[in-house]
Amino acid sequence: MKSISLILASLLLANVLQAQAPATGEKLPAVKLKIKGVEVEEQPTPMISATNVKMKRWTPKNWIELDVEFDIKLPEEAGGRKGTYAAMQLNIYVALQHMNKEGKREVITGTLDLVDIPADEPCHALAYISPSTLKSIFQKDFVTASSDIQGWGVEFVAEGKVIAAKSSVGNKPWWENKETFSMLQGLLLNKLQTPFADVFGDYDVQVKAK
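Residues numbered from 1 in each chain as written. Predicted model: local features only at pLDDT ≥ 70, side-chain atom pairs only at ≥ 80, totals over all residues. Heavy atoms only, no water.

Points about the overall build of the protein chain
1) Next: Check the secondary structure of the protein chain and you find 3 helices and 10 strands.
2) Next: When the elements of the protein chain are put in sequence order from the N terminus, they spell out α-β-β-β-β-β-α-α-β-β-β-β-β.
3) Next: In the protein chain, which comprises 210 residues, the proportion classed as buried is 48%.
4) Next: When contacts within the protein chain are restricted to residue pairs at least 6 apart in sequence, long-range pairs at least 24 apart make up 75% of them.
5) Next: Surface exposure of the protein chain reaches about 12,100 Å², of which carbon and sulfur atoms provide 50%. (Helix = DSSP H or I, 4+ residues; strand = E, 2+ residues; numbered from the N terminus. Buried < 20%, exposed > 50% of the residue type's maximum accessible area, 1.4 Å probe, protein only. Contact = heavy atoms within 4.5 Å. Areas by Shrake-Rupley, 256 points an atom, 1.4 Å probe, with all protein chains shown as cover.)

Structure (structure tokens):
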């Protein structure tokens, strides 16, 4: 079985992924974005206390959490350092240590609709894969990021244009290779769709509810 590193090494160069070059004369969105890092790790289900309800005993399970750190800059006419960008999309691709029946590596993919992104301050976007999804794929109860996640890719889209992208391997969008990868859509969740909706405060930027 080929690992994603070997597959991608034959397809990509080992540089930081850059945004797609615009066509000549094409107008770019009035926002610049820098991806500062992506962390992929296990996150146990939060145990939140509530009053006036009968408590139930349960054991927290591990979710896979993706924490994308970035910042944006706006021109003065758009608010500059005090400005806020109204909305953009974050596409996320998570390559798994799992092959389908056709021998393609499975990739969980989804889009976060980010809103009211503040300029000139550290921003985070959070996405999750649920324990039930992980168990249905891997057929085991305990999944870890280090052993079961093979790679990731992220790309930010503003006004229909990719303005920044980054990958754990290589400098091109490996997720576009449909002959090697099988995309699993609808399995990546934003924070509002998870038990983490009421935790972390203002750590992460707002997302549009689905």
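As for the nonpolar core
1) Next: Counting residues in hydrophobic clusters, the biggest one holds 41 residues, and the most contacted among them are Phe 70, Ile 72, Met 88, Leu 114 and Phe 156.
2) Next: At the level of secondary structure, the elements contributing two or more residues to this core comprise β1 (32-44), β2 (62-73), β3 (84-99), β4 (105-118), β5 (123-129), α2 (131-138), β6 (149-158) and β7 (161-167).
3) Next: Here the element with the most residues in this core is β3; it accounts for 6 residues.
4) Next: Ignoring sequence-local partners within four residues, the contact set of Phe 156 consists of Leu 33, Ile 35, Val 68, Phe 70, Met 88, Gln 89, Leu 90, Leu 114, Lys 161, Val 162, Ile 163 and Ala 164. (Core = buried A, V, L, I, M, F, W, Y, C linked by side-chain atoms within 4.5 Å.)

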